[in-house]
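Structural overview
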Amino acid sequence: MHKIFFVTSNKGKFSEAEKKIKNIEQKSFDYPEIRSENLGEIVVYGIEFLKEKIRKPFFIEDSGLFIDVLNNFPGPFSKYVFNKIGCKGILKLMKNEKNRNAVFKSAIGYYDGETKMFEGICEGRISTRMSGKKGFGYDPIFIPKNSDKTFAQMDIGEKNIYSHRGNALTKLVKHIQKS
Ligand code: ITT
């Protein structure tokens, strides 16, 4: 079977995917990301742009952190906000806040001649301080439900069990196995 390309510039995302799908290769290729509250829409647009340019099969993934008390901010702007204010900035915004509920969401679009979408979510909370050195992005401040560790305190295998991306990847793996 052909290698599957994961089109992403994010090494952290790729390492998580590689742990679940052996036959993949990271590919860097810029594609436009539209502004939408809906991650699925962003992904579908990306696939439409890429499908004539990249050898199939390939997939892309869009994800974000949605914080309850901040009206789901930063959501689809998670990367931009992370680059501007980082985990420390989010902790500042959440200072003295009792409601720390947050959700990570992931949408994967897979193209092998037709487009298939797979979504995953991970409920959890924003910690009161940064902990852990693993992972990327908001991992040091996100504690998934049913755990007392941040994602940054977990190795990739453990994070994948809980995470939005791990969840979406499981659905993708099932699809690949049956096709
Ligand atoms: P692509 O090239 O795949 O688009 P990206 O980093 O630009 O990589 P996104 O546009 O999907 O990815 O941005 C999502 C941002 O949300 C990402 O840069 C992180 O800051 C944050 N994020 C998403 N998933 C995360 C996770 O599992 N752990 C920590 N932060 C995460």
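Predicted model, so just to flag it, every value in this text is computed and none were measured.

**With respect to the side chain of serine 106**
Along the chain, the position of serine 106 falls in strand E5 (residues 101-111). At 2.7 Å, the side chain of serine 106 and the side chain of glutamate 61 are in polar contact. Ignoring sequence-local partners within four residues, the contact set of serine 106 consists of Leu39, Glu61, Asp62, Ser63, Phe118, Glu119, Gly120, His164, Arg165 and Ala168.

**Quick word on the packing of aromatic side chains**
In this structure the tally under the stated criterion is seven aromatic pairs. With a centroid separation of 5.2 Å and 80° between ring planes, the pair formed by phenylalanine 82 and tyrosine 138 is classed as edge-to-face. Of this pair, phenylalanine 82 sits in helix H3 (residues 78-93) while tyrosine 138 sits in the loop between strand E6 (115-126) and strand E7 (142-144), and the two are 56 residues apart along the sequence. Arranged with centres 5.1 Å apart and planes meeting at 40°, the rings of phenylalanine 142 and phenylalanine 151 form a pair that is tilted. On the accessibility criterion, phenylalanine 142 (0% relative accessible area) is buried. Feature note: the residues Phe6, Phe14 and Phe59 constitute an aromatic cluster, connected by ring pairs. Looking at lysine 27, its charged tip hangs above the ring of phenylalanine 5, at a distance of 5.2 Å from the centre.

**Observations regarding a nonpolar patch on the surface**
Residues Phe73, Ile85 and Leu93 make up a contiguous nonpolar surface patch of about 240 Å² in total accessible area. Mapped onto the secondary structure, leucine 93 falls in helix H3. Given a relative accessible area of 44%, leucine 93 falls into the partly exposed group.

**Considerations on the nonpolar core**
One finds Leu65, Ile126, Tyr138 and Phe142 to be the most contacted residues of the largest nonpolar core, which totals 16 residues. Sorting the residues of this core by element identifies strand E3 (58-67), H3, E5 and E6 as the ones contributing at least two each. Considering each element in turn, this core owes the most residues, four residues, to H3. Once residues lying within four places of it in the same chain are set aside, the contact partners of leucine 65 are Asn72, Phe73, Pro74, Gly75, Ser78, Ala102, Val103, Phe104, Ile126, Tyr138 and Phe142.

Parameters and conventions
- Residues numbered from 1 in each chain as written.
- Predicted model: local features only at pLDDT ≥ 70, side-chain atom pairs only at ≥ 80, totals over all residues.
- Heavy atoms only, no water.
- Helix = DSSP H or I, 4+ residues; strand = E, 2+ residues; numbered from the N terminus.
- Polar contact = N/O pair within 3.5 Å; in protein donor to acceptor, adjacent residues only side chain to side chain.
- Contact = heavy atoms within 4.5 Å.
- Phe/Tyr/Trp six-rings, centres within 6.5 Å; stacked < 30°, edge-to-face > 60°.
- Buried < 20%, exposed > 50% of the residue type's maximum accessible area, 1.4 Å probe, protein only.
- Lys NZ or Arg CZ within 6 Å of the ring centre and 35° of its normal.
- Patch = residues over 30% accessible without salt bridge, like charges linked within 9 Å, V, L, I, M, F, W, Y side chains within 5 Å.
- Areas by Shrake-Rupley, 256 points an atom, 1.4 Å probe, with all protein chains shown as cover.
- Salt bridge = Lys/Arg side-chain N within 4 Å of Asp/Glu carboxyl O.
- Core = buried A, V, L, I, M, F, W, Y, C linked by side-chain atoms within 4.5 Å.

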